[in-house]
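Report on the structure
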Amino acid sequence: MEAEQAMSEQVLKLGLPAGSLQEATAELFRKAGWRIQFYPRSYYPAIDDPEIECMLIRAQEMARYVQDGVMDAGLTGYDWIVENRAKVIEVAELVFSKVSRRPVRWVLAVPNDSPIQSAKDLEGKRIATEAVNLTIDYLKRHGVTAHVEFSWGATEVKPPRLADAIVEVTETGSSLRANNLRIVDTVLESTTRLVANETAWSNAWKRGKIENIALMLQAAIAAEKKVGLMMNVRRTDLDKVIAILPALQKPTVSALSDPDWVAVNTVVDENIVRDLLPQLKRTGASGIVEYALNKLIE
């Protein structure tokens, strides 16, 4: 009876980011091996793992709820960890976003015709932002005193009437340009992190579960834009073929039933395949097969 009760308590409370990253997160988990299903007007998605209980939480609040133990672990941005001054365990960096695979940036931006050219020019100015603590820390690093006020949204339209400058998050800068703003400086670069509650991290079962999730998510990201190649090569041509293969470490070479031939298996960037395959063919490789990768663990 006690063993059954202990088993029933082995559930990891996992926070998933609601909003713009919600679908991208579900897709990443799908590639990693988990199926997540969302329901209208519900903050409790279903996941095909009885050891995980999911809840949708805004990324801005995730680190605080993980710190307080409401969630055992969760996905949030490094920016919101810093903004909330949260004491959490950063388990893994997961570079994915709604637009690109680049980190997002919090930037200092001003109107195109503003005289502000650097942080030093912000002395005594008014700055609007959703990330108040990030901005205060930035000003302190530059020895500047300015008035920082929380922005409830539509931050890009506040200069010049409601603010002299803004600190806003961007991936491409297109929204800033559309509002006639120019970037003065980068305040912080941020990527998604898998974070854990300190108490949960000290629990052997929960830590193991979190580490497994981290491993599989990172493996799914690592496999993106990579493909596997396998081919047959005469031993006399092997050195020439290996010389043009950009392998992660070294290609795997296996003996075939014909002693004059070997099989070569490797992983390469997908964007070089169109140029690489003709070179391999000319160098002596045959039976070349390209195949998709789901996960890559180095």
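Residues numbered from 1 in each chain as written. Predicted model: local features only at pLDDT ≥ 70, side-chain atom pairs only at ≥ 80, totals over all residues. Heavy atoms only, no water.

Turning our eyes to something else, we now look at the packing of aromatic side chains. Aromatic ring pairs: the centre-centre distance and the angle between the two ring planes describe each pair. Counted under the stated rule, the structure contains three aromatic pairs. The interplanar angle of 65 degrees and the centroid separation of 5.9 Å between the aromatic rings of Phe 29 and Trp 34 together place this pair among those described as edge-to-face. The pair formed by Phe 29 and Trp 34 is uniform in burial state, with each residue classed as buried. Residues Trp 80 and Trp 106 carry aromatic rings whose centres are separated by 5.6 Å and whose planes lie at 90 degrees to one another, so their mutual orientation is edge-to-face. Taken as a pair, Trp 80 in helix H4 (residues 78-83) and Trp 106 in strand E7 (residues 104-111) lie far apart in primary sequence, 26 residues in all. Here Trp 80 and Trp 106 have matching classes, each one buried. One cation-aromatic arrangement involves Arg 64 over Tyr 65; the distance from NZ or CZ to the ring centre is 4.9 Å. (Phe/Tyr/Trp six-rings, centres within 6.5 Å; stacked < 30°, edge-to-face > 60°. Buried < 20%, exposed > 50% of the residue type's maximum accessible area, 1.4 Å probe, protein only. Helix = DSSP H or I, 4+ residues; strand = E, 2+ residues; numbered from the N terminus. Lys NZ or Arg CZ within 6 Å of the ring centre and 35° of its normal.)

This part is about unusual backbone geometry. Here the residue pair Pro 159 and Pro 160 is connected by a cis peptide bond, since its omega of 0 degrees sits within 30 degrees of zero. In this fold, Pro 160 is placed in the loop between strand E9 (147-150) and strand E10 (165-170). With a phi angle near 60 degrees, Arg 41 is a residue other than glycine that sits in the positive phi range. Structurally, Arg 41 can be placed in the loop between strand E2 (36-37) and strand E3 (46-47). Assessed through its relative accessible area of 83%, Arg 41 is described here as exposed. For Asn 180, which is not glycine, the phi torsion reads 60 degrees and is therefore positive. Turning to its location among the elements, Asn 180 is positioned in the loop between helix H6 (174-178) and strand E11 (181-190). Judged by relative accessible area, Asn 180 falls into the exposed class, the value being 51%.

The next subject is the pattern of salt bridges. Scanning all chains against the criterion turns up 13 salt bridges. Put simply, Lys 206 and Asp 72 hold a salt bridge, and the shortest N to O gap is 3.1 Å. Here the residue Lys 206 occupies a position in helix H8 (residues 204-223), and Asp 72 occupies one in the loop between helix H3 (59-67) and strand E5 (73-77), the gap between them amounting to 134 residues. Just as Lys 206 is buried, Asp 72 falls in that class too. For Arg 193, the salt bridge is made with Glu 90, and the minimal N-O distance between the two is 2.7 Å. (Salt bridge = Lys/Arg side-chain N within 4 Å of Asp/Glu carboxyl O.)

Here Lys 87 shows up in the loop between H4 and strand E6 (89-94). With relative accessibility at 58%, the residue Lys 87 sits in the exposed group. For the pair formed by Lys 87 and Ala 63, sequence separation is 24 residues and the distance between their alpha carbons is 8.0 Å. For Lys 87, the contacting residues outside a window of four places in its chain are Gln 67 and Glu 198. (Contact = heavy atoms within 4.5 Å.)

Here we come to the pairing of strand E15 (residues 261-269). Taken together, the nine bridges between strand E13 (residues 226-234) and E15 define a ladder with antiparallel strand orientation. Bridge pairing links Met 231 to Val 264 in E15. Relative to E15, strand E14 (residues 252-255) runs antiparallel, the two sharing four bridges. Counted as the bridge partner of Ala 255 is Val 262 from E15. Between E14 and E15, which pair antiparallel and follow one another directly, the connecting turn spans five residues. (Pairing = 2+ DSSP bridges.)

Here we take up the sheet that holds strand E4 (residues 52-58). With respect to topology, five strands assemble into an open sheet ordered E4-E1-E5-E12-E6, the strand pairing being mixed. Two strands lie at the open edges of the sheet, namely E4 and E6, each paired on one side alone. For this sheet the average axis-to-axis angle between neighbouring strands, irrespective of direction, equals 30 degrees. Note: E6 against strand E12 (residues 192-196), five bridges, orientation antiparallel. Residue Glu 93 lies in a different strand from E12, and its bridge partner there is Arg 193. (Axes fitted to C-alpha atoms, helices over the stretch in contact; angles between N-to-C directions.)

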